[in-house]
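Close look at the chain arrangement
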Amino acid sequence: MAASSNAEETQLQEMEEDAGMEREMESDEEEEGMGIENSDDEEDDSSEDEKENEAEIQRLEEQLSINAFDYNCHVDLIKLLRQEGELSRLRRARQKMSELFPLTEEIWLDWLNDESRLTEEEPNREKVYELFERAVKDYICPDIWLEYAQYSIGGMGSPGGIDKVRSIFERALTAVGLHMTKGATVWEAYREFENVMLSTVQPPPGKVPTREEQDLLNTQLERIHTLFRRQLAIPLMDMEATYAEYEEWSEKGVPETVAHQYKKALQQMEKSKPFEETLLVAEPPKLAEYQSYIDYEMKVGDPARIQIVFERALAENCLVPDMWEKYTTYLDRQLKIKDLVLSSHDRAVRNCPWTMGLWKSYLLALERHGAEHQTVSDIFEKALNAGFIQATDYVDIWQAYLDYLRRRVDFSKGFSESGDPSCTIMQIWARIEALHCNNMQKARELWDSIMTKGNAKYANMWLEYYNLERSYGDPIHCRKALHRAVQCTSDYPEHVCEVLLTFERVEGSLEDWDVAVQKTETRLNRLNEQRAKVAEKEANLLRQEEEKTEQRRRAKVEKKSQKKGQKGSRAGEKRKAEYDDYQKDWNEHSEQAPKRPRGDGDPGTEEYMETETGLYGRKTPAGQRPGPPGAKKAQQGAAATTQRQQDDKPELRDDNNSVFISNLAFTLEEPENKLRTLFEPCGPIQQVRPVFSNRGTFKGYCYVQFESKASVPEALKLDRREVEGRPMFVSPCVDKNTNPDFKVFKYKSSMEKHKIFISGLPFSCTKEQLDELCKDQGTIKDIRLVTYRSGKPKGLAYVEFANEAQASQAVLKLDGVVLEDNKISVAISNPPSRNQDKYGSGGSTAAMMPRQAFGARGRGRTQLSLLPRSLHRPGGSASKAENGTAAKAAPGTASAAVNAAGDTGFEAPAKRLSNSDFARMLLNK
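Basis of the calculations
Residues numbered from 1 in each chain as written. Predicted model: local features only at pLDDT ≥ 70, side-chain atom pairs only at ≥ 80, totals over all residues. Heavy atoms only, no water. Helix = DSSP H or I, 4+ residues; strand = E, 2+ residues; numbered from the N terminus. Buried < 20%, exposed > 50% of the residue type's maximum accessible area, 1.4 Å probe, protein only. Contact = heavy atoms within 4.5 Å. Areas by Shrake-Rupley, 256 points an atom, 1.4 Å probe, with all protein chains shown as cover. Salt bridge = Lys/Arg side-chain N within 4 Å of Asp/Glu carboxyl O. Pairing = 2+ DSSP bridges. Axes fitted to C-alpha atoms, helices over the stretch in contact; angles between N-to-C directions. pLDDT = per-residue confidence, 0-100. Polar contact = N/O pair within 3.5 Å; in protein donor to acceptor, adjacent residues only side chain to side chain. Phe/Tyr/Trp six-rings, centres within 6.5 Å; stacked < 30°, edge-to-face > 60°. Lys NZ or Arg CZ within 6 Å of the ring centre and 35° of its normal. Lys, Arg positive; Asp, Glu negative; His and termini not counted. Expected span 1.5 Å × (residues − 1).

The number of helices and strands found in the protein chain is 34 helices and 13 strands. By residue count, 35% of the 925 residues in the protein chain fall in the buried class. For the protein chain, the share of sequence-separated contacts (at least 6 apart) that also reach a separation of at least 24 residues comes to 61%. Counting only carbon and sulfur atoms, one obtains 50% of the accessible surface of the protein chain, whose full area is about 56,100 Å².

Moving on, we come to the pattern of salt bridges. Inspection of the entire model under this criterion finds 37 salt bridges. We note a salt bridge from R82 to D114, for which the minimum N-O separation is 3.0 Å. Of the two residues, R82 sits in helix α3 (residues 71-84) while D114 sits in helix α5 (residues 105-118), which places them 32 residues apart along the sequence. Using a relative accessible area of 37% as the deciding quantity, one classes R82 as partly exposed.

Considering the arrangement of structural elements, one finds V826 in strand β13 (residues 825-829). Put simply, V826 and Y798 are 28 residues apart on the chain and 9.7 Å apart in space, counted from C-alpha to C-alpha. Once you skip the residues sitting within four places of it in the chain, V826 turns out to touch Y492, I756, F757, I758, A810, V811, L814 and D815.

As a further point, take the sheet that holds strand β4 (residues 685-692). Spatially, β4-β5-β3-β7-β6 is the arrangement adopted by the five strands of the open sheet, whose pairing is antiparallel. Each edge of the open sheet carries a strand with a single partner, namely β4 and β6 (721-723). Each adjacent strand pair in this sheet contributes to an overall mean axis angle of 30°, direction not counted. Against the sheet, helix α28 (residues 671-679) contacts β3 (658-662), β4, β5 (698-706), β6 and β7 (726-732), and its axis sits at roughly 140° relative to β4.

Okay, the sheet that holds strand β10 (residues 793-801) next. One open sheet holds the four strands; their spatial order is β9-β10-β8-β13, and the pairing between them is antiparallel. The open sheet terminates on both sides in strands that have one partner only, identified here as β9 (780-787) and β13. When the angles between neighbouring strand axes are averaged without regard to direction, this sheet yields 25°. In this structure, β9 lies alongside β10, joined through seven bridges in antiparallel fashion. Considered in β10, the bridge of T787 is made with P793.

Considering every residue of the protein chain, the mean pLDDT works out to 78; 74% of them sit at 70 or more. Element-level pLDDT for the protein chain is lowest in strand β2 (residues 606-607), with a mean of 38, against a maximum mean of 95 in helix α17 (residues 356-368). Contacts of residues 1-27 to residues separated by more than four positions or lying in other chains number five contacts, the stretch itself having pLDDT below 50. Low pLDDT, under 50, characterises residues 836-864; the stretch is placed with 25 contacts to residues that sit more than four places away or in other chains.

Turning to the environment of I379, a few remarks are in order. Relative to the helices and strands, I379 resides in helix α18 (residues 373-384). Separated by 17 residues in the primary sequence, I379 and Y362 have C-alpha atoms spaced 8.3 Å apart. Those residues in contact with I379 that sit more than four places away from it in its chain are W359, Y362, L363 and L366.

So, on to the side chain of R94. By the element assignment, R94 lies in helix α4 (residues 87-100). Its relative accessible area of 2% is what places R94 among the buried residues. Side chain to side chain, R94 and D114 meet in a polar contact 3.0 Å long. Excluding its chain neighbours within four sequence positions, the residues that come into contact with R94 are I78, R82, L103, D110, W111 and D114.

Once that is clear, we can look at the packing of aromatic side chains. With the rule as written, the count across this model stands at 27 aromatic pairs. When the ring of F275 is compared with that of Y296, the centres are 5.0 Å apart and the planes differ by 25°; the resulting orientation is stacked. Placement of the pair is F275 in helix α12 (residues 256-281) and Y296 in helix α13 (residues 287-300), with a sequence separation of 21 residues. Accessibility expressed as a relative area gives 19% for Y296, which makes it buried. Each ring, one from Y466 and one from F503, has its centre 6.1 Å from the other, and the planes form 90°; the classification is edge-to-face. Highlighted residues: Y466 in helix α22 (residues 459-472) and F503 in helix α24 (residues 493-507), separated in sequence by 37 residues. Residue class for Y466 comes out buried when judged on its relative accessible area of 10%. Residue F503 is classed as buried on the basis of its relative accessible area of 2%. One residue, K164, lies across the ring of Y129, its end atom 3.5 Å from the ring centre. The lysine or arginine in question, K794, covers the ring of Y788, its NZ or CZ lying 5.0 Å from the ring centre.

Going from P284 to P285, the amide bond is cis rather than trans, its omega being 10°. In the Ramachandran plot, K286 falls in the positive-phi region, its phi being about 65° despite a non-glycine side chain. You can see K286 is positioned in the loop between α12 and α13. A residue is classified by how much of its surface remains accessible, and K286, at 14% relative accessible area, is buried.

With five of its seven residues buried, β7 lies for the most part within the structure. As paired strands, β3 and β7 are joined by four bridges and run antiparallel to one another. Residue V659 lies in a different strand from β7, and its bridge partner there is P732. Bridge count between β6 and β7: three bridges; the pairing is antiparallel. Each bridged residue has a counterpart across the sheet, and for R721 the counterpart in β7 is M728. In sequence, β6 turns back onto β7 through a hairpin of two residues, with E724 there showing a positive phi of about 55°.

Along the chain, E433 turns up in helix α20 (residues 424-435). Buried charge without a salt bridge: E433, with K442 as the nearest opposite-charge side chain at an N-O distance of 6.0 Å. If we ignore the near neighbours within four places in the chain, the residues touching E433 are N438, N439, K442, A443 and L446.

It helps to recall that an α-helix has 3.6 residues per turn; residues three or four apart then point in one direction. Compared with the 20 Å implied by 1.5 Å per residue over 14 residues, the 20 Å span of α22 between its first and last C-alpha is a close match. Among all positions of α22, only A459, M461, W462, L463, Y465, Y466, L468 and E469 are buried.

What follows is the structure in structure tokens.
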């Protein structure tokens, strides 16, 4: 009956529309000649409206591309697209919004009506059924269920269509049959459908039905009776009319049981009626009225009615997070039905994704109902992308997820020890027991197990345990841990003893202090004895090794002496031939120049000129044989000339105002200008004296003299400054001949307890990386990377801390750490002592003599020098690049040279000697 009446109404509407269209066409023909101008104006207005709407649509789409969770923007876009009739774009807009948010009743009804009119064929009806299924999951709305049931009636002609209609009606009654105001419409539609089905099974008038037809008729009548009885047992508005309809329809009247249930439901309806009337007259959002209604139903305690009131409130206030939170909390604590609870949580976070509390409750509900880990992780990822308002919300949601992960771990199971020798996992477990479970006893048991696995000898393990007791335990167990550490630690016992004394100084009594001092002293004394024994044993082993080496050396010498005895006669002849060859070479090639004084006859600053064989008989490289004296002077260049001009004015020098620069690159171009530019910020510069060779090449060192002595400390701060890839050494300008105890090395060569030494560093390591590595251990005062003179790193570094305790802590924490695939070693700085000058200022000439002084092939087997004694030069007179200016000779230097010549039987020459003079001296001898 309902279907036929709807069809008749549809036909009437179509007829009216056709008639209206005919009248409009007639009126258009009458006004065609009169209203041409008016129609043009209307078309212009409509085109302008369309342009404005299109611009607004593009603006809304662009805004949604920036923020997809803008709910109002989605609603406005759907309205505009529906107004413009953009069907494909409208479907996409609705689909995107439904993926992010549950749609309201109005949006769903518009969408369903649009799709229902477009899909009349059976294959397309399945798509509409799927759309209805999505709609009824978002909200419990009687109108949507009613539309769903009526749409299914249109397809009941297909196989199984009637059963499908009844199934949809039953689901609708379960969902919204308790709705006080709108539930009755679903009941009535269901009864009307069954009445239509009754008319199809009734036999025509005058025909006696068969037994099968009578059974079908009785079954259908029983269905209608059952619907009446079920409806009258539920408190609904206007249920008196339903009771009267049942009395009229039933031939046998209303049974007593049904009447009793009706009266009970009527009384319950009368109690709920004031709340319904209040909702009817209240203005949206009606939160207070719904809250009062929910409180009343909570007192009555009917879960189904509580749920339907909540659903009614949420349908009208879907964007109120507090209402969703109350509803989900009630479901979690009271109903605890998995499908209902999880679907409600999902709808809550889809409606209010910006509320962190709803996401947190959702994660807990998933864990509570045993959801898979992947599902929980996916929900957590969605929560992170929901766009929370405050940064603390992200912290809270992360904390909830981490709590879930921790609860997934079964701490009762053991852990494998093969891949965790330091028991890192057990340490974390102990900390969790102490912090989260407040179970220090379990934490202590775990640490006892850690120590029994070979970790009791390491100080850092005991200090970790002590820090745990310090944070979550008590002083008694802290003291016990430190006493055990003093007895067991073998790598850094001094540091453990210091920690124990510090603890007793802060926490302990006088008796505790005395016990701690006694234990630490006993332990350290025993340790020192052990170390002394080990050192003595190592010294004995070293002595034995040296004795064995000495024996091997003596055996080798004896063997060589035996061989020499066998060749005695041949050795004398060979020595004579070698001496003759040497004299012949000297007469042919030796043109050694005499000493020439620097400046105008200043005898104190002598400089040896290079000869063909070089200084002390060293051969010059091939291709660099000196030419005539005139050509050699021309090759020296302007640099050597400038140096001589500066050396000619010794009265301008002042070592107190100067610094000595060394380790510069020999290829440094214009060293004077570059160094002047580099040192000008330190103070006014009087002169820069780079040192050049006789060929005019830069020797890699120079002197910088300032006008004021106050500039020298500032210049010394530039020590180790990198110049063209090499560290530049800057030191005070001091004459070592007059100050032999002066040390250029500015770093200590003894133990520095506040400084650590790091080795094994990667060559690419920088100061910034070391600072990042060490800053957690204490206050860093200085970092020094050790390099070669060429500037290349050695992989070593020194890090200076504020005190010894911080340095000791850094050694414990950083020793063995892997940095860029390099395992570094860390220890307290204890550099070896630097060797003193082996020879002093007056060392022997033989010790300073280069190896080539005895010939190109080294020392001969005779171990005799073939250089005449008259050419031997005192070791202290050689010109040498010192950390200071050249030493000034004593006034008796010239006379000493004359005496030396006299001792050999020659008169001291009054003029400079040439190479030929020296040759004659050798021949005459």
